[in-house]
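In case you want the letters, here they are:
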Amino acid sequence: MARINENYLKLPGNYLFAEIAKRVKKFQADNPNAKIIRLGIGDVTQPLPQVCIDAMISAAKELGNVETFRGYGPEQGYEFLREKIAEWNYKRRGLKVDAEEIFISDGSKCDCGNIQEIFRLDCKIAIADPVYPVYLDTNVMAGRAGDLNADGKFSRVTYLPCTAANNFSPTPPENKVDLIYLCSPNNPTGTTLDKAALKIWVDYAKKNDAVILYDAAYAAYITEENIPRSIYEVEGARDVAIEFRSFSKTAGFTGTRCGYVVIPENLCGTTSDGKKIPLKNLWLRRQTTKFNGTAYIVQRGAAAIYSDEGQVQVKTLVDYYMTNAKIIRDGLSAAGLKTFGGINAPYIWLKTPENISSWEFFDRLLKNFHIVGTPGAGFGPCGEGYLRLTAFGSRENTLTAMNRLVTSG
Ligand SMILES: *Cc1c(COP(=O)(O)O)cnc(C)c1O
């Protein structure tokens, strides 16, 4: 009998985006002339930087020639890309990360989702609430999260509440956890963790033999100088943290697919008899068995952002979205709404007026202004009473949407 992994049945249906689509569809059907603007999307809209296009075209030509053809690449990723990442994202910022500690992948979602495989099933995990759903769902599938309680929380998961009251900066729990997922700049709240907050987590991880899984997919969006781009800016982090990064939001690679993980040489996990094992070795073993590398063409495209010209083009792209973010923040404030984030991230998290629910406010935005956001409650219990808008739309749509809010609000 092909018995199934019943952990999958514990996953609550991902009704968030389906429910949004359903409500938008109905509204459009009832109001065929309404020009609906979607500010709920978490996908980029602007084209790839020219340096990436040029590099990918020339890489494609190499593959068309018998002298320069390439088949399977190294599972860990090509050295030309790993060297560039180590140099431009770490060494130039005074951080010690070696090319040998970098693993190229086809995106961060896979890495954030797969990393839990190298840890034992009885490890206790901590996640922020609200949160990017991948961290929790992959642990549920593995059977590490326990059962879903009536309050919408899994029995073996430690939830770290992030609300305006704590500046969306979670603090370590009283109990001992083994794996801690942190995301900064944060999706969905658009807020960041500062060095002092990260130091508290690094110290906690050291004291409790825990590992921090640090998702820095939006590092390129940080505009304030004192906000860490990497967890390795915090002293001691190399002993306790794995870092995830992606070209998706940095360079528009959401469809092109490229990301990477940093696992420091000395970062270890523990066996049941107390032996320390480098996590890097386990991850390499996992990748060589289950992954066959990111496309050569794509890795050449990604490497192209690490040049003076590439950096200018990436900055232009990020600036485009961050100008949208400012337009949204200013528009919401002018409409009398309280906002968070949007300064070091392409997400704006807003408090619903008069404490109405996330879904009620979603409906109000749709009906009165023809704007689609994402209800905060969909990201976790602490997201109730908030709504997420993204800066990934076009400038024109962003301006039109805010204009509607300010003039008819
Ligand atoms: C978009 C995003 C990623 C990156 O995903 P890719 O698979 O690299 O496209 C990772 N983490 C968070 C929180 C994200 O929002």
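(A) Highlighting the overall build of the chain. Secondary structure summary: the chain contains 12 helices and 15 strands in total. Relative to a compact globule of 409 residues, whose C-alpha radius of gyration would be 22 Å, the chain shows 22 Å and is just as compact. Considering only C-alpha atoms, the chain reaches an extent of 60 × 55 × 55 Å along its principal axes. Every one of the 409 residues in the chain was classed for burial, and the buried ones make up 53%. By sequence separation, contacts in the chain at least 24 residues apart represent 72% of the contacts at least 6 residues apart. A total of about 18400 Å² of accessible surface is found on the chain, and carbon and sulfur atoms cover 52% of it. In the chain, the 49 positive side-chain charges and the 45 negative ones have mean positions that sit 3 Å from each other.

(B) Inspection of the site of the ligand at higher detail. Taken together, the neighbourhood of the ligand is formed by 14 residues, with Tyr218, Ser246, Ser248, Lys249 and Arg257 sitting nearest. Ser246 is positioned with one of its side-chain polar atoms (N or O) 2.7 Å from an oxygen atom of the ligand. Between Ser248 and the ligand, the recorded distance is 2.6 Å, taken from a side-chain N or O atom to an oxygen atom. Considering the ligand on its own, with 390 Å² of exposed area, one finds that the protein chains cover 93% of that surface. Counting residues per element, the ones that place at least two in the shell around the ligand are α4 (108–114) and α7 (248–251). Taken together, the residues that form the shell around the ligand break down as five nonpolar, five polar and four charged.

(C) Region of the structure containing the pattern of salt bridges. With the rule as written, the count across this model stands at 21 salt bridges. Two residues, Arg23 and Asp363, come together in a salt bridge whose shortest N-O distance is 2.9 Å. Here Arg23 is found in helix α1 (residues 15–30), whereas its partner Asp363 is found in helix α11 (residues 358–369), with 340 residues between them in sequence. The salt bridge partner of Arg238 is Glu101, with a shortest N-O separation of 2.7 Å. Placement of the pair is Arg238 in the loop between β6 (211–215) and β7 (241–246) and Glu101 in the loop between α3 (79–90) and β2 (102–105), with a sequence separation of 137 residues. The pair formed by Arg238 and Glu101 is uniform in burial state, with each residue classed as buried. Residues joined by salt bridges that share partners form a network here, namely Glu19, Lys22, Arg23 and Asp363.

(D) Spatial organisation of helix α5 (residues 134–142). Considered for burial, the residues of α5 that qualify are Val134, Tyr135, Leu136, Thr138, Asn139 and Val140. Summarising the contacts, the buried residues of α5 are in contact with α4, β3 (125–129), β4 (157–161), β5 (179–183) and β6. The positive-phi residue at the C-terminal boundary of α5 is Gly143, with phi of around 95°.

(E) Seen up close, empty space enclosed by the protein. In total, this model carries one cavity of 30 Å³ or more according to the counting rule given. What the largest cavity holds in volume is close to 60 Å³. Here the lining of the largest cavity takes three residues from β5, the largest share from any one element. Its residues assigned to classes, the lining of the largest cavity shows eight nonpolar, three polar and no charged.

(F) A look at the packing of aromatic side chains. One pass over the full model with this rule turns up 23 aromatic pairs. With 5.0 Å between their ring centres and 20° between their planes, Tyr135 and Tyr181 make a pair best called stacked. With a gap of 46 residues between them, Tyr135 in helix α5 and Tyr181 in strand β5 connect regions that are remote in the sequence. A centroid spacing of 5.2 Å and a plane angle of 70° characterise the contact between Trp359 and Phe362, whose relative ring orientation is edge-to-face. A residue pair is termed a helical-turn pair when its members lie 3 or 4 positions apart in one helix, as Trp359 and Phe362 do in helix α11 at three residues. Of the residues examined, Phe362 reaches a relative accessible area of 0% and is grouped as buried. Taken together, the aromatic side chains of Tyr218, Tyr221, Tyr320, Tyr321, Tyr347 and Phe392 make up a single cluster linked through ring pairs. One Lys or Arg, Arg395, reaches over the ring of Tyr320 and ends 4.5 Å from the middle of that ring.

Conventions adopted
- Residues numbered from 1 in each chain as written.
- Predicted model: local features only at pLDDT ≥ 70, side-chain atom pairs only at ≥ 80, totals over all residues.
- Heavy atoms only, no water.
- Helix = DSSP H or I, 4+ residues; strand = E, 2+ residues; numbered from the N terminus.
- Rg over C-alpha atoms; globule rule 2.2 N^0.38 Å.
- Buried < 20%, exposed > 50% of the residue type's maximum accessible area, 1.4 Å probe, protein only.
- Contact = heavy atoms within 4.5 Å.
- Areas by Shrake-Rupley, 256 points an atom, 1.4 Å probe, with all protein chains shown as cover.
- Lys, Arg positive; Asp, Glu negative; His and termini not counted.
- Charge placed at Lys NZ, Arg CZ, Asp CG, Glu CD.
- Near = heavy atom within 4 Å.
- Polar contact = N/O pair within 3.5 Å; in protein donor to acceptor, adjacent residues only side chain to side chain.
- Nonpolar A, V, L, I, M, F, W, Y, C, P; charged D, E, K, R; others polar.
- Salt bridge = Lys/Arg side-chain N within 4 Å of Asp/Glu carboxyl O.
- 1 Å grid on protein atoms, 1.4 Å probe; cavity = no way out; pocket = protein on both sides within 12 Å on 5 of 7 lines; lining within 4 Å.
- Points joined across faces, edges and corners; volume = space filled by probe spheres on them.
- Phe/Tyr/Trp six-rings, centres within 6.5 Å; stacked < 30°, edge-to-face > 60°.
- Lys NZ or Arg CZ within 6 Å of the ring centre and 35° of its normal.

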